[in-house]
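Spelled out, the chains give:
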Amino acid sequence: MYFEKVNFTDGDLPYNHLLHEVRLVPFHWHEFIEIIMVIEGQLSVHIGKETYELNKEDVIIVPSLVRHSLEGTAGNIVSVIQISSEFINQEMPSYRDKIFVVKPDKVILESGIVKELVQFAVIELKGNLSRIERKINILQLLVTLTELLLIERDSSEIEHLDDLMFKILFYINDNISNQLTLSSLAKQFNFNQSYLSRLFKKNLGVNLSEYIMSYRMQLTCYDLLQTDENISEISLNHGFVSLSSFNDQFKKRYHMTPKQFRIKNSRLEYTDDEIQNRLYNYINLSKNDSLTSLFALVKETNTQMHMEKEMTFVNGVVDMVATNGGSFKKELIQTVGIDRAEDLLDADVRQQLLLAQTDIGIKFIRFHGIFSDELMVYHEDADGEVMFNFRTINRIFDFFVNNHLKPFVEIGFMPKELASEDKTMYFWKANTTMPKDIHKWKKLVSGFIRHVIGRYGIDEVLSWEFEIWNEPDITNFYWHGTQMDYLVFFKDTYHAIKSCHKNLKVSGFSTTSWAITEHDWTDVALEYISKEKLELESFTYHIYPIEWKKNLSDISILPTSRKGLYHYAEPDYIEKMVKNIKDKIQQSDSIKNHRTVVTEWNSFIRFI
């Protein structure tokens, strides 16, 4: 067992914050308290005689001067705050007779401390606070810990070792490469063997030989992961008499050879940047209520943006038009659809998009759910004041801009706190109802547009495409309300976008092709926007190669089982449909240049 001495990284600031992946930390102790929270994966914490198995969102507090070790599964991410005991004693004199709750039980889970620790980690990673603000933050965290988790030292289950046991453990640590036995240690400390055996078992919960073997195994594992020393040298350095005896003991404990262990575990799963991203992912996916304090960091202001000059209009590149020969223009391959915005935080998805960009030249990415709750964009405080958090959206659009990709932004779905009803779809709970307050919805839309203009510049954002909602023609599924409800909602959203800059590209209506060919939904919509003098950049729609066996006067049947209601279309179905829709849109003066864009399509689909 070793003593861990830590220098606090910033002068008189009495703490460190670490965000890292933990594989194995051998038994040690230190003079600071350590607050450990698991962001991802699992972590085993051995404290004294006890072992605590921590999972996501579990928190444990390791007191000062307590022997402990850590073992983590591959891919874990742990947030650790180390606070100087000297500082705590100065600020909290009563702490000397007390100890923080250690085990990760219901008390901690219900205390709200998880939210406090997440907020603390985010503030530390942002790195934009002054020294005095950081000191205030650590004091505020200590106040919360004190109120919720401080107990009398005598009532703690943790046994603090006396000076004699520390001397024995330090002797073992310093002589671990030698042959250590009950007999040799008893002789060293002038005890009889029976007394030393009972003393050791009472204080540490294991017999002496088991402790020595476990500690040796921890040290060898640590060296296998952290050094390039050969396995034979590692085993001899930690007291194994031969390589064969070390291999036997290792396989007995870990069910693999030391070489296999090194190969399997030596590479960390994440880089430092990826670890930080995973913390943000955790925040986005957290089921805790909103994390109000995080939203407060980015509370909306009413600052208006002023544009100094008009920008030139950029022609779109995703127009899909049938030619006389029956083939399609190359623009067909220049846009790709991703299920939802949150997927764009995934490193594998990003890698595949960049590969598609290199191989086939895609330029536009379309996705659902830019305002869905998993991105934590919208929040209202206790007084109903609106607060926006565009931090995660920034990470998505930063990826686009940095890699010369263009977003085809689908405005939707409805944040839970703004929704008029609790009606959702998909496992990620996309709310497809109208806003309970259209003015707050318009404030969200315009706030988002102004934010991206301010961050990326008007030149960049004018090259993007925007459409409003997804398949509103499928009632009671993607839209809960009448068609006229949607059209009024569309008009209000259109004006909210255009209020930020008149040349932003707004399209509609992202309906199914059946809404165009099977009934009058599209005719009604085109008539409405003509009456309201709304000019769309493009007419957007979706096309799938099936034909329904009945007239879809009520397409609310679509969200239910469709088995037996359709048959597969002829091979030229898509070609004919594109041409027919193009001809129909030619008759409307509300679509700029009569441009049509297929934003979803497939050559094969099967409904169950």
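Residues numbered from 1 in each chain as written. Predicted model: local features only at pLDDT ≥ 70, side-chain atom pairs only at ≥ 80, totals over all residues. Heavy atoms only, no water.

For the rest of this paragraph, the subject is the overall build of the protein. Helix and strand counts for the protein come out as 21 helices and 24 strands. The buried share among the 608 residues of the protein stands at 51%. Long-range contacts, defined as pairs at least 24 residues apart, comprise 77% of the intrachain contacts of the protein with a sequence gap of at least 6. Put simply, the protein shows about 28,600 Å² of open surface, and 48% of that area lies on carbon and sulfur atoms. (Helix = DSSP H or I, 4+ residues; strand = E, 2+ residues; numbered from the N terminus. Buried < 20%, exposed > 50% of the residue type's maximum accessible area, 1.4 Å probe, protein only. Contact = heavy atoms within 4.5 Å. Areas by Shrake-Rupley, 256 points an atom, 1.4 Å probe, with all protein chains shown as cover.)

By convention here, two paired aromatic rings are described through the distance between centres and the angle between planes. In this structure the tally under the stated criterion is 40 aromatic pairs. On the basis of an interplanar angle of 65 degrees and a centroid distance of 5.6 Å, the ring pair of F246 and F250 is categorised as edge-to-face. Separated by four residues within a single helix, F246 and F250 lie in helix α10 (residues 243-254), roughly one turn from each other. Overall, the relative accessible area of 0% leaves F250 in the buried class. Taken together, a centroid distance of 6.0 Å and an interplanar angle of 45 degrees make the contact between F397 and F448 tilted. Pair noted here: F397 is in helix α15 (residues 391-402) and F448 is in helix α16 (residues 438-456), with a separation of 51 residues, a long-range link. (Phe/Tyr/Trp six-rings, centres within 6.5 Å; stacked < 30°, edge-to-face > 60°.)

As a further point, take α15. When the terminal C-alpha atoms of α15 are compared, their 16 Å separation across 12 residues agrees well with the 16 Å that a helix rising 1.5 Å per residue should span. Most of α15 sits out of view: nine of its 12 residues are buried. For α15, every residue scored as buried is listed here: R391, T392, I393, N394, R395, I396, F397, F399 and F400. A positive backbone phi angle near 60 degrees is found at H404, which sits one or two residues after α15. (Expected span 1.5 Å × (residues − 1).)

Before going further, it helps to spend a moment on the sheet that holds strand β2 (residues 15-20). Spatially, four strands are ordered β2-β9-β4-β7 in an open sheet, and the strand pairing comes out antiparallel. Two strands bound the open sheet, and with one partner strand each, they are β2 and β7 (59-62). If you compare each strand with its neighbour and ignore which way they point, the axes differ by 15 degrees on average. Pairing of strand β4 (residues 32-40) with strand β9 (residues 77-84), which is carried by eight bridges, proceeds in the antiparallel orientation. Looking at β9, one finds that F32 is bridged to S84. (Pairing = 2+ DSSP bridges. Axes fitted to C-alpha atoms, helices over the stretch in contact; angles between N-to-C directions.)

Read across the sheet, seven strands follow the order β12-β13-β16-β19-β20-β21-β24 without closing on themselves; strand pairing throughout is parallel. The open sheet has two edge strands with one neighbour each: β12 (335-340) and β24 (596-601). For this sheet, the mean angle separating the axes of adjacent strands, direction not counted, is 30 degrees. Relative to β24, strand β21 (residues 539-543) runs parallel, the two sharing five bridges. Each residue of the ladder has a partner; that of Y541, found in β24, is V598. Where helix α20 (residues 521-531) meets the sheet, its contacts fall on β20 (506-512) and β21, and the angle it forms with β20 comes to roughly 165 degrees.

Below, the discussion takes up the pattern of salt bridges. A complete count under the given rule lists 15 salt bridges for this structure. E342 is the partner of R340 in a salt bridge, and the nearest nitrogen-oxygen pair spans 3.0 Å. Residue classification places R340 among the buried residues on the basis of a relative accessible area of 8%. Each of R340, E342, D343 and E374 takes part in a single network of salt bridges with overlapping partners. (Salt bridge = Lys/Arg side-chain N within 4 Å of Asp/Glu carboxyl O.)

Right, let's get into the environment of F489. Looking at the element boundaries, F489 is found in helix α18 (residues 483-498). When the C-alpha positions of F489 and W441 are compared, they lie 9.6 Å apart, and in sequence the two are 48 residues distant. In contact with F489, other than residues within four places in its own chain, are M414, P435, I438, W441, I468, W469 and W479.

Within the largest apolar cluster, 84 residues are counted, with the highest numbers of intra-cluster contacts made by F397, W441, F448, Y486 and F509. Looking at this core, the element that brings in the most residues is α16, giving eight residues. Counting residues in hydrophobic clusters, the runner-up holds 23 residues, among them I35, M37, I77 and F120. (Core = buried A, V, L, I, M, F, W, Y, C linked by side-chain atoms within 4.5 Å.)

Moving on, we get to the side chain of H238. With respect to the secondary-structure elements, H238 resides in the loop between α9 (231-237) and α10. Since its relative accessible area comes to 11%, H238 is described here as buried. If we skip the residues at most four places from it in the chain, H238 touches I176, S177, R216, L219, T220 and D223.

To continue, consider the confidence of the model for the protein. Low-pLDDT stretches of the model should not have their predicted coordinates read in fine detail. On average, residues of the protein score 77 in pLDDT, and 76% of them reach the 70 mark or higher. Counting interchain partners and residues more than four positions distant, the pLDDT-below-50 stretch residues 153-158 has 14 contacts. Note that residues 604-608 has pLDDT below 50 and, in this model, 16 contacts with residues that lie over four places away or in other chains. (pLDDT = per-residue confidence, 0-100.)

Let's shift gears to helix α21 (residues 573-585). Its 13 residues give α21 an end-to-end C-alpha distance of 18 Å, which sits within 8% of 18 Å, the value for a rise of 1.5 Å per residue. Three or more residues of α21 are buried, namely Y573, I574, M577, V578, I581, K582 and I585. Looking down the long axis of α21, one finds its buried residues gathered within 155 degrees of arc, a one-sided arrangement. (Arc of directions from axis to C-beta.)

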